[in-house]
Amino acid sequence: MNLSPEEKKIGQDNYKEAVAGLNRRAFLKGTAAAVPGLGGLYFGYSALNGSPVKVGFIGTGDEGSVLLTQHPPKYMDIVAIADLRPSNRKRAFDGDGNENRVGLRKKLGAETCAKIKTYATHKELLEKHPEIEAVVIAVPLNVHAQITIDCLEAGKHVLCEKLMAHNVTECKAMIRKAEEKKKLLAVGHQRHYSVLYENANDLVQGGLLGDIKFIRANWHRNNSFPNKDSWNKPVGKEDIATLKDFDFKQWGFDSLEQLVKWRLFNKTGGGLMAELGSHQLDACSIFLGKKHPLAIQGYGGKNFYGVKGLGSIDKQEDHREIDDHVYVTLEFPGKHYEEDKNDIVVVTYSSINTNAMEPYGETLFGSRGTMITELEQNVMLFKEGGDGTPGGPGARIEVDPAKKGGPVLKTSDTNAPSTAAVSTAGALGGKVSRGYTEEMEHLCFCIRENNFESREKGGLRCNGTHAMGDAIMALTANLAMKKKKRIDFKESWFDPKSDDAPETDPQVLA
Ligand SMILES: NC(=O)c1ccc[n+]([C@@H]2O[C@H](COP(=O)([O-])OP(=O)(O)OC[C@H]3O[C@@H](n4cnc5c(N)ncnc54)[C@H](O)[C@@H]3O)[C@@H](O)[C@H]2O)c1
């Protein structure tokens, strides 16, 4: 949505005004100063009862390095790391110049780092370190299931990066193994641990947007300039030299090129839906009360990299198999769907590679207001003007909490944020945490508390069963695009006890 800087500022002020107007959190009563981070306050955990959890990190590439940078030393004691690629083992300690990947040496100091052991494979890490209690896994999608199951089998709790697995049958195997071994299985959809999303969702569940019938979600990037495609990574000289006799097949890859560029191939990745779309569909399902979707259809194509003279712009040979533009439409049940099957909410999702004007986020169009989340950093809120008072991008709002039937948005009489909104903004702090630190803190807290309960009872907020729901949406989107058909979701796919899965469903495959 094209908003002026002034309109964006008003939208952000409106969001904070609404959080202040609706929020029941303790920090508004003046306790925020006593809480070191907001994560515990929002997600129901505190300092660890006991020593930090002994942890191993498996996969220290782009995302593993972010997680190492964000890991919470008061909750985690890193015993060892493992990565097949020498360059990424080095990067884990040295960082790479990016502020999100500063490296362990800068974060923990040389003395602590000297105690952290380094291995090439997850198997060596598991064999050498029986004392490790939990692992954080950030490896390519095709090996999520195998490595998670190996770690659970070795008696470790697991935090595995999203997308949970390459297919739904694998997701079910992971959940069952965690149950058999009585270990926790968390999956890294970090929006479950984002204070920004938690507040945004409070506003949605509080009814401030009215009836939501449409959500538009997207992740748009422009990789069309030369050498801009971060998924088509160069293979480094150090890795080529060191790994020339390495048996890649044993570890799930045909070659070093496939290990490095795993997102581009069907065997190793799940395309734009798995890598990007799963984040937005996760957010949409949170906003829609974590209900399972009813149906999906879509179009996907290699509309840039597959077109002669376009995708070869960077002059590199491009062997990609995945689509570079995807557009899907999902139908979700609305709040009254059980009583009336017309109550449908439509979510559209697009991910493209040739324009970044609208980068990423979700726009919720409600009968009383519009909410826009942007880049996991901002939320903007606008009121509809149909009640005769001003609405739309220029209007400042307040929350009228006393309305019969629940709180509502009303147009503000003043042209500045209220004192409560200013103090909310202060309590929320400057830089917004994306949730990585909080997801690791909470896993460690649940380990020490022995909490295997549901999220409603303080357990993991994104456990295997929830994450499988996200995987089902992303992977069924891929099937709908491949088969060029509308697919109805089956409840049994979402049940870990059932063997049913979209990729083996005769109706889907027909
Ligand atoms: N939550 C998020 O926002 C987010 C963002 C980016 C990536 N991710 C996820 O993180 C995962 C990793 O992505 P990435 O960008 O870091 O990929 P990457 O290619 O940069 O890193 C993956 C690393 O795993 C290593 N590896 C593979 N098999 C191994 C094994 N058996 N033992 C030890 N190491 C092994 C590889 O050598 C590689 O260095 C993916 O699942 C991706 O979807 C999540």
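Note on numbering: residues in each chain are counted from 1, in written sequence order. Local features are withheld for residues below a pLDDT of 70 in this predicted model, meaning they are given only at 70 or higher, and side-chain atom pairs are given and counted only at 80 or more; totals for whole chains, interfaces and linings count all residues.

1. A closer look at unusual backbone geometry
With an omega of -20 degrees, the peptide bond between K162 and L163 qualifies as cis. If you trace the backbone, L163 turns up in the loop between β5 (157-161) and α9 (168-181). One non-glycine residue, N227, adopts positive backbone phi at about 55 degrees. A run of H or I in DSSP counts as a helix once it spans at least four residues, and a run of E counts as a strand once it spans at least two, with each numbered from the N terminus. By the secondary structure assignment, N227 is in the loop between β7 (212-220) and α11 (237-242).

2. Quick notes on the site of the ligand
Within the structure, the ligand sits among 27 residues, and G59, G61, D62, E63 and E161 are positioned closest to it. Considering each element in turn, the shell around the ligand owes the most residues, three residues, to helix α3 (residues 62-70). Tallied by class, residues from the shell around the ligand come to twelve nonpolar, eight polar and seven charged. A domain assignment, automatic or from a database, supplies the domain bounds used here. Both domains that furnish three or more residues to the shell around the ligand are identified here as domain 1 (5-28 + 194-428) and domain 2 (33-191 + 437-462). Near, as applied to residues and a molecule or strand, means the residue's backbone-placed C-beta atom lies within 6 Å of it. Any residue that is not Ala, Val, Leu, Ile, Met, Phe, Trp, Tyr, Cys, Pro, Asp, Glu, Lys or Arg is counted as polar, Gly included; the first ten are nonpolar and the last four charged.

3. A closer look at the sheet that holds strand β13 (residues 378-383)
By definition, the strands of a sheet pair up through backbone hydrogen bonds, in either a parallel or an antiparallel sense. Between any two strands, pairing holds if DSSP finds at least two bridges. Within the open sheet, the eight strands sit side by side as β13-β12-β11-β7-β10-β9-β8-β16. Their pairing is mixed. The sheet terminates laterally at β13 and β16 (487-488), the two strands that pair on one side only. Across seven bridges, the pairing between β7 and strand β11 (residues 360-366) is antiparallel. Each bridged residue has a counterpart across the sheet, and for I212 the counterpart in β11 is G366. The contact criterion used here is simple: two residues whose C-beta atoms, placed from the backbone, lie within 7 Å are in contact. Helix axes are fitted only over the stretch in contact, all axes being lines through C-alpha atoms; the angle between N-to-C directions runs from 0 to 180 degrees. This element, helix α10 (residues 195-205), spans β11, β12 (369-374) and β13 of the sheet and lies at about 170 degrees to β12.

4. Focus: the sheet that holds strand β1 (residues 53-58)
Taken in spatial order, the six strands make up an open sheet running β3-β2-β1-β4-β5-β6, and their pairing is parallel. One side of each edge strand has no neighbouring strand; the edge strands of this open sheet are β3 (117-119) and β6 (185-188). Across this sheet, the average inter-strand angle for adjacent strands is 25 degrees, counted without regard to direction. Sheet topology places strand β2 (residues 76-82) next to β3; three bridges connect them, and they run parallel. Bridging across to β3, A82 finds its partner in Y119.

5. Here's the deal with the nonpolar core
Any nonpolar core is a set of buried residues, restricted to Ala, Val, Leu, Ile, Met, Phe, Trp, Tyr and Cys, that join up through C-beta atoms within 7 Å. To sort residues by burial, count the other C-beta atoms lying within 10 Å of each one's C-beta; a count of 20 or more means buried, 12 or fewer means exposed, and anything in between means partly exposed. C-beta atoms are built from the backbone. One finds V55, I137, V158, M164, L443 and A471 to be the most contacted residues of the largest nonpolar core, which totals 121 residues. Among the elements that take part in this core, helix α16 (residues 464-483) stands out by supplying ten residues, more than any other. Each of two domains, domain 1 (5-28 + 194-428) and domain 2 (33-191 + 437-462), supplies a minimum of three residues to this core. Here L443 is in contact with A134, H157, L159, L184, A186 and L460, once residues within four sequence places are set aside. Formed by five residues, the second largest nonpolar core is a distinct cluster that contains L84, F253, L259 and W262.

6. Examining the packing of α9 against α16
Orientation of α9 relative to α16, taken along the N-to-C sense of each, is 175 degrees, at an axis distance of 10 Å. By the angle between their axes, α9 is roughly antiparallel relative to α16. Across the interface between the two elements, V168, C171, M174, I175 and A178 from α9 touch G464, T465, M468, A471, I472 and L475 from α16. Tallied by class, the residues present in the contact of α9 with α16 amount to nine nonpolar, two polar and no charged. Between 65 and 115 degrees an angle is taken as roughly perpendicular, under 35 as roughly parallel, over 145 as roughly antiparallel, and anywhere else as oblique.

7. Brief notes about the domain arrangement of the protein chain
Split by domain assignment, the protein chain resolves into domain 1 (5-28 + 194-428) and domain 2 (33-191 + 437-462). One C-alpha centre belongs to domain 1, the other to domain 2; they are set 25 Å apart. On the domain 2 side, the residues contacting the 25 residues of domain 1 number 19 residues. Only α10, α11 and α13 (271-287) provide two or more residues apiece to the side of domain 1 that touches domain 2. Sort the elements by how many residues they give to the side of domain 1 that touches domain 2 and α13 lands first, with six residues.

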